[in-house]
Amino acid sequence: MKTAEIARRFLAFFENNGHTVVPSASLVAEDPTLLLVNAGMVPFKPYFLGERTAPYDRAATAQKCVRTVDIDEVGKTARHASFFQMLGNFSFGDYFKERAIPLAWQLVTDPVEEGGFGFDPEKLWVTVYTEDGEAEAIWRDQVGVPPERIQRRGMADNFWSMGVAGPCGPDSEIYYDRGPEYGREGGPDADEDRYIELWNLVFMQWERGPKGDTDILGDLPRKNIDTGMGLERMAAILQGVDNIYETDTLGAILHRAAELTGTAYGDAEETDVSLRVVADHVRTATMLVSDGVKPGNEKRGYVLRRILRRTVRNLRLLSGDDSFYLHELTRTAINAMGEIYSELETNAEMIHSVIDAEEKNFADTLRSGTSLFQRAAERTRAAGSTVFSGADAFQLHDTYGFPIDLTLEMAREQGLSVDEDTFQSLMQRQRDAAKRDAEAKKLGNADPGVYSKLLEGAGTTEFLGYTDHESESRVL
Ligand code: ATP
Ligand code: MG
Ligand code: MG
Ligand code: MG
C-alpha cells in the first residue's frame with residue numbers, strides 16, 4: 001500500500017466516523033514556543049488549552065512534522081525520520097477513550113477490502129499507563145486484546161503533558177511485532193526496535209499544575225483525545241520493508257542517491273547509513289524550504305542549514321568526489337512527495353534555487369576550511385593526542401565559517417574528540433570583545449577597523465536557537 005493511500009485511508013475512516021478532515025498546517029509553527037511543528041496536535045493547541053473554541057468536535061489530519069531531537073537517530077534506527085507525517089484523530093470534549101480505543105483497533109485490524117489496514121491482531125501489542133486501569137479494561141474486555149499483550153508502563157513512557165501547567169493525561173500505544181529476527185522477545189517494554197511503535201493515543205483528562213507531571217490538580221471539565229500515528233512506519237510495515245527509508249517515498253530518493261554516487265544500497269552498513277541520511281535529509285530540506293524556511297544561522301534557518309550540510313557531507317563520503325547532487329535529488333523528492341503535497345511542484349523553482357545556492361555556499365566553505373582542518377588533525381595525531389584543540393576549532397569557525405557541529409563531526413570521523421570547553425571560552429571572549437566594542441562605539445572612541453572582524457564573526461555565526469523548541473519533545 002503506497003504512502004499516499006495509507007494517508008487517504010486513515011482520513012476516510014475518520015471522516016466516515018464523523019470527523020472533519022483538516023489540511024496539514026505549515027511546518028513553520030504559529031506557536032511561539034516552538035520552532036517547527038513536531039506533532040499533529042500542535043495546530044490544535046489553542047483548542048486544548050481552552051484559548052479558542054474548536055469549530056468542530058472531531059477532526060482528523062495528516063500533519064507534516066519535523067523533530068530535530070531525532071536527527072541523530074536518522075539512518076541508524078529503522079523508524080526515525082527528521083521529517084515525517086503524523087496521522088491523527090482528535091476529539092475536543094466529544095468522545096473519550098471508550099470510543100477512541102475501539103476506533104483505533106478497528107482501523108488497524110479491519111481487512112484491507114473493508115477500508116482497514118488488515119494487521120494480524122496476533123502481532124499487535126498495546127501499552128497503557130500503569131495507573132490507567134480504565135484503558136486497560138477497554139483493551140481487554142471491549143476490544144479483546146489478550147492480557148499478555150497489554151503492558152503497563154510508567155510516566156516516562158505513557159504519560160503526556162505539554163511540559164507546562166495545563167491539560168495532561170495518560171496515553172496508550174499500539175506496537176507491531178516485527179518478529180524474532182528484529183530483536184528480543186518480551187513486548188515493547190523489552191525492545192522497541194523489534195516492537196515498533198505505530199500509534200499513540202493521548203487521553204487528556206487531568207489538569208496539571210506548575211510543579212511538574214506529578215502535580216495533578218484534578219479532572220478537566222472537558223476531556224479530549226489526541227492521537228498520532230506514524231505514516232512512514234505504517235508504510236514500512238504495509239510495504240514489507242525493513243525500515244522507513246526503504247518505503248516508496250524515501251526509497252525513491254535513497255535509490256537515486258545510490259545511483260548518482262555509484263554506490264549499492266545493502267553492501268555495507270556505513271554506506272547504507274549515509275544513503276538513509278541523504279534520503280531523509282533531502283526530503284526534510286525540500287519540505288522546509290517549500291514551507292518558507294531559508295538557510296541561516298539561527299533557529300529554523302539553522303536547522304535547515306545543518307540538515308543540508310549533513311546531506312552534502314554524506315554525499316561526498318559516498319561518492320568520493322565533490323560534485324553537486326542536490327538539484328537532482330531535490331527533484332526526486334518533489335516527485336516522490338508531490339502526490340500528497342501538490343504545492344511542491346508549484347514551488348519547485350524556488351525550492352531548487354534555495355537548495356542549490358546553499359549547496360554551492362557550503363562547497364565554498366568546505367573548500368577553504370578542509371585543508372586547515374586536515375593539517376590540525378594531523379598535528380593532533382603527530383603529538384600523540386586524540387583531542388582536536390579548541391583553538392583550531394575556533395579558527396575554523398572564525399576564519400572559514402565552520403560551525404562547531406561540522407568540526408565535531410569531521411573530528412569524530414577521524415577518531416578525534418574536540419576540546420569544546422576551550423572553543424566555548426574563545427567564543428565567549430569574542431562575544432565579550434564585540435560587546436565592549438559596541439559599547440565603546442556608542443561612546444564614540446572606538447577604532448572600528450580593529451574590531452569589525454570580531455563583530456562580523458559574532459554576528460554571523462553565533463548560534464542561539466536549536467534546543468529551545470525541544471522542550472516539547474514529549475508532545476504526543
Ligand atoms: P519513539 O518512541 O519511537 O521515538 P515517540 O514515542 O517519540 O516514538 P510520539 O511522540 O508518540 O512518538 O509520536 C506519535 C507517533 O509518531 C509515533 O507513534 C510514531 O509512529 C510517529 N513518530 C514519532 N517520531 C517519529 C520519527 N522521528 N519518525 C517517524 N515517525 C515518528
Ligand atoms: Mg521519540
Ligand atoms: Mg515512544
Ligand atoms: Mg509515543
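Calculation rules
Residues numbered from 1 in each chain as written. Chains lettered and ligands numbered in written order. Predicted model: local features only at pLDDT ≥ 70, side-chain atom pairs only at ≥ 80, totals over all residues. Helix = DSSP H or I, 4+ residues; strand = E, 2+ residues; numbered from the N terminus. Buried ≥ 20, exposed ≤ 12 C-beta atoms within 10 Å, placed from the backbone. Contact = placed C-beta atoms within 7 Å. Domains from an automatic or database assignment. Nonpolar A, V, L, I, M, F, W, Y, C, P; charged D, E, K, R; others polar. Pairing = 2+ DSSP bridges. Right-handed = clockwise from strand over helix to strand, strands pointing away. Arc of directions from axis to C-beta. pLDDT = per-residue confidence, 0-100.

1. Some thoughts on the overall build of the protein chain
- Scanning the protein chain for helices and strands turns up 16 helices and eleven strands.
- For the C-alpha atoms alone, the extent of the protein chain along its principal axes is close to 75 × 55 × 50 Å.
- The buried share of the protein chain, taken over its 476 residues, is 42%.
- For the protein chain, contacts bridging at least 24 residues in sequence account for 68% of all contacts bridging at least 6.

2. Quick look at the domain arrangement of the protein chain
- Annotation of the protein chain at the domain level lists domain 1 (3-241) and domain 2 (247-417 + 465-471).
- Between the C-alpha centres of domain 1 and domain 2 there is a distance of 31 Å.
- Mapped by element, the contributors of at least two residues to the side of domain 1 that touches domain 2 are α1 (3-16), β2 (58-66) and α6 (231-238).
- For the side of domain 1 that touches domain 2, the class distribution of residues is 15 nonpolar, seven polar and three charged.

3. Comments concerning the pairing of strand β4 (residues 124-129)
- The buried fraction of β4 is high, at five of six residues.
- Where β4 lies against strand β5 (residues 150-153), four bridges are found, and the strand directions are parallel. Paired with Val 126 across the strands is Ile 150, a residue of β5.
- In this fold, β4 hands off to helix α4 (residues 133-143), which returns the chain to β5; that crossover is right-handed.

4. A short note on α4
- Every buried residue of α4 is listed here: Ala 135, Glu 136, Ile 138 and Trp 139. Take α4 and look down its axis: the buried residues cluster within an arc of 160°, on one side only. Among the exposed residues of α4, those oriented more than 90 degrees off its buried face are Gly 133, Asp 141 and Gln 142.
- Elements that come into contact with the buried residues of α4 comprise α3 (97-109), β4, β5, β7 (166-177) and β8 (195-208).
- At the exit of α4 stands Gly 144, carrying a positive phi of roughly 90°.

5. Quick look at the confidence of the model for the protein chain
- Summarising the model, the protein chain shows a mean pLDDT of 91, and 93% of its residues fall at 70 or more.
- Within the model, pLDDT remains below 50 along residues 445-476, and this stretch shows 61 contacts once partners closer than five positions in the same chain are excluded.
- Interface predicted TM-score (ipTM) for the complex: 0.99; the corresponding pTM is 0.87.

6. Overview of the environment of Glu 5
- Within the secondary structure, Glu 5 sits in helix α1.
- With 334 residues separating them along the chain, Glu 5 and Glu 339 place their C-alpha atoms 9.9 Å apart.

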